[in-house]
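# Descriptive structure summary
Take a look at the letters that make up each chain.
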Amino acid sequence: MRATGLTDDDRPLRCLVTGATGYLGGRLVPELLAAGHSVRCLARSPGRLRDHPWAGQAEVVRGDVTDEVSVRAAMEGMDVAYYLVHALGAGRGFEETDRRAARIFGEQARSAGIRRIVYLGGLTPSGVPQHALSPHLRSRTEVGSILLASGVPTAALRAAVIIGSGSASFEMLRYLTERLPVMVTPSWVRTRIQPIAVRDVLRLLVGCARLPYDVNRTFDIGGPDIVTYQDMMRRYAAVAGLPRRVILPVPLLTPRLSSLWVVLVTPVPGALARPLVESLKHEVVCAERDIVRYVPDPPEGPVTLDQAIRLALRRVQDADVATRWSSASTPRAPSDPLPTDPGWAGGSLYTDHRERTVAASPGALWRVVEAIGGENGWYSSPLAWSLRGWLDTLVGGVGLRRGRRDATRLRVGDSLDFWRVEEIEPGRLLRLRAEMRLPGLAWLEMTVDRDPRGRTVYRQRALFHPHGLAGHAYWWGVAPFHAAVFGGMARNIAAAAESAAAEPARSHSRSH
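Residues numbered from 1 in each chain as written. Predicted model: local features only at pLDDT ≥ 70, side-chain atom pairs only at ≥ 80, totals over all residues. Heavy atoms only, no water.

### Section: the packing of aromatic side chains
Geometry of an aromatic ring pair is reported as the spacing of the ring centres plus the angle between the planes. Cut-off, in case you're wondering: Only Phe, Tyr and Trp rings take part, Trp by its six-membered ring, and two of them pair if their centres are within 6.5 Å. Stacked means planes under 30 degrees apart, edge-to-face means over 60, and tilted covers everything else. Secondary structure elements are taken from DSSP: a helix is a run of H or I of four residues or more, a strand is a run of E of two residues or more, and numbering for both begins at the N terminus. Relative accessible area decides the class of each residue, using a 1.4 Å probe on protein chains only: under 20% of the type maximum gives buried, over 50% gives exposed, and in between gives partly exposed.
Evaluation of the coordinates by the stated rule reveals 10 aromatic pairs. For the pair Tyr83 and Tyr119, a centre-to-centre distance of 6.0 Å together with 50° between the ring planes defines the contact as tilted. Of this pair, Tyr83 sits in strand β4 (residues 80-83) while Tyr119 sits in strand β5 (residues 116-122), and the two are 36 residues apart along the sequence. The buried category is assigned to Tyr83, whose relative accessible area is 1%. Here the aromatic rings of Phe464 and Tyr474 are separated by 5.5 Å at their centres, their planes lie at 45°, and the arrangement is tilted. Note that Phe464 is positioned in strand β19 (residues 456-466) and Tyr474 in helix α13 (residues 468-478), a separation of 10 residues in sequence. A connected cluster of aromatic rings, assembled from ring pairs, spans Tyr350, Phe464, Tyr474, Trp475 and Trp476.

Spelled out as structure tokens, the structure:
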């Protein structure tokens, strides 16, 4: 069915997607491709998109929305530009960064002859002045205003809570409900909100590519249910088959204290928890549904809250989560060194190297390596790893709570507890880059190889590039624990591979 009032041009469109390494952008690309459009992705780290199933069908170019030159080059020949990035987590100056990036994007879109900008921001409460909004929501609103004033027809969609496997809002809801059968909660659990399923968000984002050229406005988007956060937790419990949750709201927990509480209970880090919680202070319900005039609801209607929860849970249980809130990496400078650089490049590079011969096939060893982290742990001193994760959480880092996207498979760009998969060569190499709070940069490399005698060899390198005197002090301060942590890790990974390799033989002998 053709959406009402859309442009008459039926040819496939050329779409530029920013934020493809993030939660929504990574899901939007395959939807645009399925609709017949061509896609170009602008990414600071193109390599992180290499292992996505759609990677071979989309063009990926290196660049940053704060760099005019790269934005201009990326927009060349494009029809539609999707703006799905924000600087949240980049520090106290994120509002100015967002402001500058939006201006650059709008100016370059106008110069390049882009016919449509599509932006996804946050739903703002009616009757609340902009200065009273949280910094996060205020910045998202300002970005929308800048793009709408750019001279390029813009559709600025505004959503409240997005429910989908891997979304920060869903992870927060899931962990709060599953881990706390009795909850003393902030008063905001009684605030009314209008959640929307991620598949409806994606459907609307795709549909907005063909809006009439005279449409330049915001659109409120939400699902069919208007509920309180308390209702959402109880409905999650019902769909997940959990006993009814006891929820006791108290008025004393401020949004800041609430976000600290969320950080302790859920895997969502403070940088994301704070804006999520602050956005729940006010009622956020759609004031209009004008978007359906241009992108009609599907015949079966929009996805209900219960359906959205059920679909998200099924994805999580089937380990079929395409992207997660943690897909977006911690910002870093493009000039940061890599462990593959020469030892003299970028200053000091400390190394802890371990090597073991393993009585198992390379395949058996690789299966252990690729399954590391998350529920499987880190194969050494669980107390030390837990303490390090807790300390990281305490100083505002991501801690160990992000887990894994998939229990057995990894791809470039995946988050892995407080690491990020920077490189993976299946069967041979896994390189992780640390995203915990550190006075420097750190990597962990695990390599599967054979020696000249044909034996399987496991090699492990921990690398640290210190920043300033604090970085050097940090390395030498933790060095005494390396034998227990990294030595134990290498030893136990080898033992796990040997045990897995011996199991079929033991089963065979028992059967005879």
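### Concerning the sheet that holds strand β18 (residues 440-450)
To keep things clear, this is the line we draw: Only strands that DSSP links by at least two bridges are regarded as paired with each other.
Within the open sheet, the 6 strands sit side by side as β14-β19-β18-β17-β16-β15. Their pairing is antiparallel. A strand with exactly one partner marks an edge of an open sheet, and here the two such strands are β14 (350-358) and β15 (415-416).

### Structural notes on the pairing of β18
Burial runs high along β18: 9 of the 11 residues are buried. Bridging between strand β17 (residues 429-434) and β18 involves 5 bridges; their strand directions are antiparallel. Within β18, the position partnered with Leu432 by the bridge is Leu444. Between β17 and β18, which follow one another and run antiparallel, lie 5 residues. Note: β18 against β19, 11 bridges, orientation antiparallel. Considered in β19, the bridge of Met446 is made with Gln460. Hairpin remark: β18 followed by β19, antiparallel, with 5 residues in the connecting loop; positive phi at Gly454, about 85°.

### Some words on the pattern of salt bridges
Going by this rule: Salt bridges are defined as contacts in which a side-chain nitrogen from Lys or Arg sits within 4 Å of a carboxyl oxygen from Asp or Glu.
Per the counting criterion, the structure on display carries 30 salt bridges. For the salt bridge of Glu59 with Arg40, the shortest nitrogen-to-oxygen distance reads 2.9 Å. Of this pair, Glu59 sits in strand β3 (residues 59-62) while Arg40 is found in strand β2 (residues 38-43), placing the two residues 19 residues apart along the sequence. Residue class for Arg40 comes out buried when judged on its relative accessible area of 13%.

### Considerations on a nonpolar patch on the surface
To keep things clear, this is the line we draw: Each patch is built from residues lacking any salt bridge and having more than 30% relative accessible area; the joining distance is 9 Å for like charges and 5 Å for nonpolar side chains (Val, Leu, Ile, Met, Phe, Trp, Tyr). Residue-level accessible areas treat just the shown protein chains as cover; the underlying method is Shrake-Rupley with a 1.4 Å probe.
Together, Leu387, Trp390, Leu391 and Leu394 make up an exposed nonpolar region whose accessible area comes to about 420 Å². Relative to the elements of secondary structure, Leu387 occurs in helix α12 (residues 382-394). Looking at Leu387, the relative accessible area reads 46%, which means it is partly exposed.

### A word on the packing of helix α2 (residues 68-75) against helix α3 (residues 94-112)
Test applied: Inter-axis angles, ranging from 0 to 180 degrees, are taken between N-to-C directions of lines fitted to C-alpha atoms, where helices are fitted over the stretch in contact. Here the angle decides the label: under 35 degrees means roughly parallel, over 145 means roughly antiparallel, 65 to 115 means roughly perpendicular, and every other value means oblique. In this scheme the crossing of two helices becomes right-handed for a clockwise turn of the near helix relative to the far one and left-handed for an anticlockwise turn of less than a right angle. Should any heavy atoms of two residues lie within 4.5 Å, those residues are considered in contact. Nonpolar residues are Ala, Val, Leu, Ile, Met, Phe, Trp, Tyr, Cys and Pro. Charged residues are Asp, Glu, Lys and Arg, and all others, Gly as well, are polar.
Following both chains from N to C, one finds α2 and α3 inclined at 40°, their axes separated by 9 Å at the closest point. By the criterion of interaxial angle, the relationship of α2 to α3 is oblique. For the crossing formed where α2 meets α3, the hand is right-handed. Contacts from Glu68, Val71, Arg72 and Met75 in α2 reach Ile104, Phe105, Gln108, Ala109 and Ala112 in α3. Split into classes, the residues belonging to the contact of α2 with α3 amount to 6 nonpolar, 1 polar and 2 charged.

### Brief notes about the environment of Ser126
One can find Ser126 in the loop between β5 and α4 (135-148). A residue is classified by how much of its surface remains accessible, and Ser126, at 67% relative accessible area, is exposed. With 161 residues separating them in the primary sequence, Ser126 and Ala287 have C-alpha atoms 7.8 Å apart.

### Some details on the nonpolar core
Selection criterion: Buried Ala, Val, Leu, Ile, Met, Phe, Trp, Tyr and Cys residues form a nonpolar core when they are joined through side-chain atoms within 4.5 Å.
Counting 41 residues, the largest nonpolar core has Leu28, Val29, Tyr82, Leu120, Leu157, Leu205 and Ile221 as its most contacted members. Elements with a minimum of two residues in this core: β1 (14-18), α1 (23-34), β2, β4, β5, β6 (154-159), α6 (198-207) and β11 (217-221). Non-local contacts of Leu28, meaning those with residues more than four positions away in its chain, are made with Val17, Tyr82, Leu84, Leu202, Leu205 and Val206. Core analysis: the second largest hydrophobic core is formed by 37 residues, Ala364, Trp419, Ala434 and Met436 among them.

### So, unusual backbone geometry
Positioned with a positive phi, Tyr379 is a non-glycine residue whose angle comes to about 65°. Topologically, Tyr379 is positioned in the loop between α11 (362-370) and α12. Positive phi outside glycine occurs at Asp417, with the angle close to 55°. By relative accessible area, which is 3% here, Asp417 ends up buried.

### Let's talk about the side chain of Gln108
Along the polypeptide, Gln108 turns up in helix α3. Here Gln108 falls in the buried class, since its relative accessible area comes to 6%. With residues near it in sequence (within four places) discarded, Gln108 still touches Glu68, Val71, Arg72 and Met75.

### Considerations on the confidence of the model for the protein chain
Keep this limit in mind: Residue-level confidence of the predictor is summarised by pLDDT, bounded by 0 at the bottom and 100 at the top.
In the predicted model, the protein chain carries a mean pLDDT of 81, and the fraction of residues at 70 or more is 79%. No element of the protein chain has a lower mean pLDDT than helix α8 (residues 255-265), at 63, and none a higher one than β4, at 97. In this model residues 329-347 is a low-confidence stretch, pLDDT under 50, and it forms 30 contacts with partners more than four residues away in sequence or in other chains.

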